Amino acid sequence: MLEISNLSKTYPGGDEALKGVSTTISGNEIVAMIGPSGAGKSTFVRCINRLTEPTSGTVTLDDIDITSLSKKELRTARRDIGMVFQEYNLIERLTVMENVLSGRLGYVSNLAAFRRKFPEDDVRQARQTLDRVGLLKHESDRVDELSGGQRQRVGIARAILQNPKIILADEPTSSLDPETSGNVLNLLTEIAVDEDIPVLINIHELDLALEYADRLIGLNSGEVVFRGPPSDFDESVEGTIYRGEEPGRVTDPNGQDTDTTTQVSTNIEK
Amino acid sequence: MGGGLSEINSEDWHLHNRRTRILRFAALLITAVLLLVSWQALGVRYDYAISAPVYLSDLLGRMFPPNAGYTGEILGPLLETVHIAILGTILAILMALPVAFISAHNTTPNKITYVLGKFIISFSRSVNVIIWALFFVIVFGPGALAGVVSVAVRSIGFTAKLLSEAIEEIDFGQVEAIDATGAGPFLILIYSIVPQVKPAFVSIATYRWDINVRAASVLGLVGAGGIGVELQTSVNSYAWGSVLTIMLAILGVVIISELVSAYFRKKVS
Amino acid sequence: MTNSENNSVQPDGGTYSGVWSPPSIYYNKYTKWVIYSLIILFSIWSILDLQISLDRFITGLGAGSQLLSEMLPPAATSRQVDLIISGVIESFAMANVSTVVGILISIPVAFMASENLAPKPIYSFGRGVISISRAFHELVIAIIAVVALGFGPLAGVVALVFNTVGFYAKLLAEEIEDMDEGQVEAVRAAGASPTQVLIYGVIPQVIPRIVGLSVYRWDINIRKSTIVGIVGAGGIGITLLNAFNRYDYDFGITILLVIVAIVMIGESVSAFVRGRVS
């Protein structure tokens, strides 16, 4: 279970990217963090495993306070947090198999990793995972020979190999076309169920978020402005999150403000 | 609507705007002036300069045919030249790796190491390998040891500079991804940095190797080992056939070393 | 590089093979070990052959600190200062002249050595010229030039020109070979004569790089001009050699510092111009 309490990040230039964000993520739920560009979604996700150091607040994973760990302890803790990136961040010149196995780097000794001698169980799991994401026959291909969708699946396989307690996905579909994006999110959903771990996705494609998430966190200017399932999402919510409007008001096409508290919320389909 | 068309072409077309043309003209002028002044400063007599090609081809003529019998005598020094080049380059590469690392602004631990790295690079590169040889011959005595150290010290700066530039160009996202798996600094280096700089590394190493083979052939002129000594003595005794033999031998070594370099470069890209 | 024989995949998703080895650039792992062993053996042989031992090295360090103490502080009498000044001026002049002359000669050679412009026999000749002139260190050429032309800067200029041609023509030929054929074809299709094709199709593509390349080579020639004097080919090199041979180490370090200063100035100018051009 991931507990985030009052997480804040202020960059050296004075930019307050996060202003006290709190949430709890548990079970095998898919949580989508949505919001406009610059809302702080990426900062939030990166602060969880301290790729970006938070200024204040705590992040606790299964009773371990990640924010207070030393560099060395942090490495051990990061093994439990798998991460998938927008630009895949695979080692281009290495093969698919080497990239997937690199998920085990937190577990193997320096010498073994240097000689690329991973335990047989790890290799077996790597093959099994590759089969699951549909890339087993590409095991020996160099990553730069693959398409974007294939690369992201390798990235997901790498995260799975860590046997993590949670998977963080930082805009995993932004570089992909709509169909491939759907495939990737399907995959993440399956994994959440199969491995029984939660997945936190930072995503700006609203339609995908509404389709795949169990619940949403809406972020605007570093603050949480909405929490709830996709079924609670309507135009006023969209206004709150993306245009910083007051909660409960909606701007109709003529620019008039109307009070929607008595209106039935409608699902937006795009 | 009037006479619009006739006003459009009021200015002639030029390839560059006025400012660029003035700059280019100034640059050409400076170059021409510098050239003239330099030529005057050298104080070379024109008639002598004109006849230079004649004197050169005359000397070249006297070098033919090469003294084949001399080949046996120079095999030892030739081998020594190769030894110096190999050891010097390997030593330089080993020492250049950490220096390159601390001289790249994305991998250097702190500001002090960065400045130190840049200083080492600058210092090593500013002094020609022959001058290092002058120095090390005094320190280690004449012989190949001085040669090896000279080659190594000069090559560190060259290699580390290019290597640090390659390191600065890596995709840091890949480094972050490996960092996020919980890997320690050594494994982050091996898995995310090394694969990205490997092609550049091989290219830089072979480039420097090529230069060092040539440098090793002249170190003997200042007593730092290699075939330079034989070259000097042959010249001093006007044994032109032997001089040509030595030059052909050097050419042979260079050709072989370039083939080896090309092999490694091809393998890695 | 395939591991297909290792994938014992069961259709029901049963057991997978745990055997995997990383891909290698070598034909097989035996060639890899052979190559590594050869390198290590050769290195060991080199060390033994050159009689490099730890105590020689340590003795050297002692001699080194002794030498340093004799070199510092740097000193020069007024006559020595005059020598430095004239030597620097001569080296600088040599560098300028040899760069310009070298580039002028390189340009036709580069065209001859471009695969896309020159017919085969001329191409081979051009490449041959480049290879020969690149094979030798400038001091080797300088020695020959000194014998043919006598001591002095003419020999140095000849040596540097020779050295420049190999370097410059090679890089220029690569630029020419890399150029966009389409642009050249367009000019040719417009009915231009061969010379015009050269002027309007080829040259505009190459010119931007020529400036940067020229300054780069000038910088290199500045460095080289300071040492060709060691074999008597002019410049400050001979002053340095004499100082060291006479154990005049504090004068030697002065000359050395001046050389380093020149090199750094040349490098800054080069970096500045190359930055402005791009």
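Residues numbered from 1 in each chain as written. Chains lettered and ligands numbered in written order. Predicted model: local features only at pLDDT ≥ 70, side-chain atom pairs only at ≥ 80, totals over all residues.

Concerning the overall build of chain B
Then step 1. Looking only at helices and strands, chain B features 12 helices and 0 strands.
Then step 2. Reading chain B from its N terminus to its C terminus gives the helix and strand order α-α-α-α-α-α-α-α-α-α-α-α.
Then step 3. Taken over the C-alpha trace, chain B has a radius of gyration of 26 Å; the compact-globule value for 269 residues is 18 Å, which it surpasses by more than 25%.
Then step 4. Scored against the burial criterion, the 269 residues of chain B give a buried share of 45%. (Helix = DSSP H or I, 4+ residues; strand = E, 2+ residues; numbered from the N terminus. Rg over C-alpha atoms; globule rule 2.2 N^0.38 Å. Buried ≥ 20, exposed ≤ 12 C-beta atoms within 10 Å, placed from the backbone.)

Description of the overall build of chain A
Then step 1. Broken down by element type, chain A carries 9 helices and 12 strands.
Then step 2. What you see for chain A is a C-alpha radius of gyration of 20 Å, in line with the 18 Å of a compact globule of 270 residues.
Then step 3. Counting only C-alpha atoms, chain A reaches 65 × 40 × 35 Å along its principal axes.
Then step 4. The burial tally for chain A puts 44% of its 270 residues in the buried class.

Quick word on the nonpolar core
Burial of nonpolar side chains together is a common tendency in soluble globular proteins.
Then step 1. Core analysis: the biggest nonpolar cluster contains 221 residues, and Ala-133 of chain B together with Ala-142 and Ala-145 of chain C have the highest contact counts within it.
Then step 2. In terms of residue count, helix H8 (residues 144-168) of chain B provides more of this core than any other element does, 15 residues in total.
Then step 3. Ignoring sequence-local partners within four residues, the contact set of Ala-142 of chain C consists of Ala-155, Gly-156, Ala-159, Val-228, Val-231 and Ala-233 of chain C. (Core = buried A, V, L, I, M, F, W, Y, C linked by C-beta atoms within 7 Å. Contact = placed C-beta atoms within 7 Å.)

Focus on helix H2 (residues 71-78) of chain A
All names here are of chain A.
Then step 1. Residues of H2 that are buried include every one of Arg-75, Ala-77 and Arg-78, and no others. In a view along the axis of H2, the buried residues occupy a sector of 165 degrees, so they form one face of it. Summarising the geometry of H2, the exposed residues directed more than 90 degrees from the buried face are Lys-72 and Glu-73. (Arc of directions from axis to C-beta.)

Notes on the pairing of strand S3 (residues 30-34) of chain A
Residue and element names in this part refer to chain A.
Then step 1. Burial of S3 is extensive: 5 of the 5 residues sit out of reach of the surface.
Then step 2. Residue alternation in S3 divides its side chains into two sets, Ile-30, Ala-32 and Ile-34 and Val-31 and Met-33, and both sets are buried.
Then step 3. Two strands pair when backbone bridges link them, and S3 and strand S9 (residues 215-220) are joined in this way by 4 bridges, in the parallel orientation. By the bridge assignment, Ala-32 is partnered in S9 with Leu-216. (Pairing = 2+ DSSP bridges.)

Looking at the interface of chain C and chain B
Then step 1. Facing the 44 residues of chain C at the interface are 43 residues of chain B.
Then step 2. Contributing elements (two or more residues each) for the side of chain C that touches chain B: helix H1 (29-49), helix H2 (54-71), helix H3 (78-112), helix H5 (138-149), helix H6 (153-177), helix H9 (237-245) and helix H10 (249-277) of chain C.

Re the environment of Gly-57 of chain A
Residues and elements named next belong to chain A.
Then step 1. Within the element layout of this structure, Gly-57 appears in strand S4 (residues 56-61).
Then step 2. When the C-alpha positions of Gly-57 and Ile-4 are compared, they lie 7.7 Å apart, and in sequence the two are 53 residues distant.
Then step 3. Among residues more than four places away in sequence, those in contact with Gly-57 are Ser-5, Asn-6, Leu-7, Ser-8, Gly-20 and Thr-67.

Re the sheet that holds strand S10 (residues 223-228) of chain A
All names here are of chain A.
Then step 1. Taken together, 6 strands build an open sheet; the order of strands is S6-S7-S8-S3-S9-S10 and the sheet is mixed. Looking at strand neighbours, the two that pair on one side only are strand S6 (81-85) and S10, the edges of this open sheet. Shown here is a sheet whose adjacent strand axes are inclined to one another by a mean of 20 degrees, direction ignored.
Then step 2. Taken together, the 5 bridges between S6 and strand S7 (residues 166-170) define a ladder with parallel strand orientation. Among the inter-strand pairings, Ile-81 is bridged to a residue of S7, identified as Ile-166.
Then step 3. Running at roughly 150 degrees to S7, helix H1 (residues 41-48) makes contact with S3, S6, S7, strand S8 (199-202) and S9 of the sheet. (Axes fitted to C-alpha atoms, helices over the stretch in contact; angles between N-to-C directions.)

Digging into the pairing of S10 of chain A
All names here are of chain A.
Then step 1. Both S9 and S10 contribute to a ladder of 5 bridges, which runs antiparallel. Within S10, the position partnered with Asn-220 by the bridge is Glu-223.
Then step 2. Where S9 hands over to S10, the hairpin turn is made up of 2 residues, of which Ser-221 adopts a positive phi near 50 degrees.

Describing the packing of helix H5 (residues 71-103) of chain B against H1 of chain C
Then step 1. It is the contact of H5 of chain B with H1 of chain C, at a shortest axis distance of 10 Å, that shows an interaxial angle of 115 degrees. With respect to each other, H5 of chain B and H1 of chain C are oriented roughly perpendicular. As for how H5 of chain B packs across H1 of chain C, the hand of that crossing is left-handed. Contact with H5 of chain B, carried on its side by His-83, Ile-86, Leu-87 and Ile-90 of chain B, involves Phe-42, Ser-43, Ser-46, Ile-47 and Asp-49 of chain C of H1 of chain C and no other residues of that element.
Then step 2. Considered class by class, the residues forming the contact of H5 of chain B with H1 of chain C number 5 nonpolar, 3 polar and 1 charged. (Parallel < 35°, antiparallel > 145°, perpendicular 65-115°, else oblique. Left-handed = near helix turned anticlockwise from the far one by under 90°. Nonpolar A, V, L, I, M, F, W, Y, C, P; charged D, E, K, R; others polar.)

Thoughts on unusual backbone geometry
Then step 1. With omega at -10 degrees, the peptide bond leading from Phe-64 of chain B into Pro-65 of chain B counts as cis.
Then step 2. Take Pro-65 of chain B: it is sitting in the loop between helix H4 (52-63) and H5.
Then step 3. Residue Pro-73 of chain C is reached from Leu-72 of chain C by a cis peptide bond, and omega for that bond is -5 degrees.
Then step 4. Among the secondary structure elements, Pro-73 of chain C is positioned in the loop between H2 and H3.

Some details on the environment of Asn-220 of chain A
Then step 1. When you line up the elements, Asn-220 of chain A lands in strand S9.
Then step 2. When sequence neighbours within four positions are dropped, the list of residues in contact with Asn-220 of chain A reads Gly-35, Pro-36, Ala-39, Val-225, Ile-241 and Gly-244 of chain A.

Digging into the sheet that holds strand S2 (residues 16-25) of chain A
Residues and elements named next belong to chain A.
Then step 1. If you walk across this open sheet you meet the 4 strands as S2-S1-S4-S5, and the pairing is antiparallel. Pairing within the sheet leaves two strands with one partner each, and these edge strands are S2 and strand S5 (64-65).
Then step 2. Two strands pair when backbone bridges link them, and strand S1 (residues 2-10) and S4 are joined in this way by 5 bridges, in the antiparallel orientation. Looking across to S4, one finds that Ile-4 is bridged to Val-59.
Then step 3. The strands that H1 touches are S1, S2 and S4; relative to S2, the one it contacts most, it runs at about 60 degrees.

Quick word on the packing of helix H7 (residues 129-140) of chain B against H2 of chain C
Then step 1. Look at H7 of chain B against H2 of chain C: their axes get within 7 Å of each other, and the N-to-C directions meet at 115 degrees. With respect to H2 of chain C, the element H7 of chain B is oriented roughly perpendicular. Of the residues in H2 of chain C, those in contact with Ile-138, Val-139 and Phe-140 of chain B of H7 of chain B are Arg-56, Gly-60, Ala-63, Gly-64 and Leu-67 of chain C.
Then step 2. The residue makeup of the contact of H7 of chain B with H2 of chain C, split by class, is 5 nonpolar, 2 polar and 1 charged.

Focus on the confidence of the model for chain B
Residues and elements named next belong to chain B.
Then step 1. Summary statistics for chain B give a mean pLDDT of 88 and a share of 94% for residues scoring 70 or more.
Then step 2. Confidence scores differ between elements of chain B, with helix H1 (residues 4-8) showing the lowest mean pLDDT of 53 and helix H9 (residues 172-180) the highest of 95.
Then step 3. Interface confidence for the predicted complex, given as ipTM, is 0.86, next to a pTM of 0.83. (pLDDT = per-residue confidence, 0-100.)

Quick word on H6 of chain C
Count 3.6 residues to each turn of an α-helix, and residues three or four apart come out pointing the same way.
Then step 1. Compared with an ideal rise of 1.5 Å per residue, which puts 25 residues at 36 Å, H6 of chain C spans 35 Å between its outermost C-alpha atoms and is within 8% of the ideal.
Then step 2. Most of H6 of chain C sits out of view: 20 of its 25 residues are buried. (Expected span 1.5 Å × (residues − 1).)

A look at the confidence of the model for chain A
Then step 1. On average, chain A scores 88 in pLDDT, and the residues at 70 or more come to 91%.
Then step 2. Here residues 255-270 of chain A is modelled with pLDDT under 50, and outside its nearest four sequence neighbours on either side it reaches 21 contacts, counting other chains as well.

Let's talk about the environment of Val-237 of chain A
Then step 1. Tracing the chain through its elements places Val-237 of chain A in helix H9 (residues 235-243).
Then step 2. Excluding anything up to four places from it in sequence, Val-237 of chain A contacts Gly-218, Phe-226 and Asp-232 of chain A.

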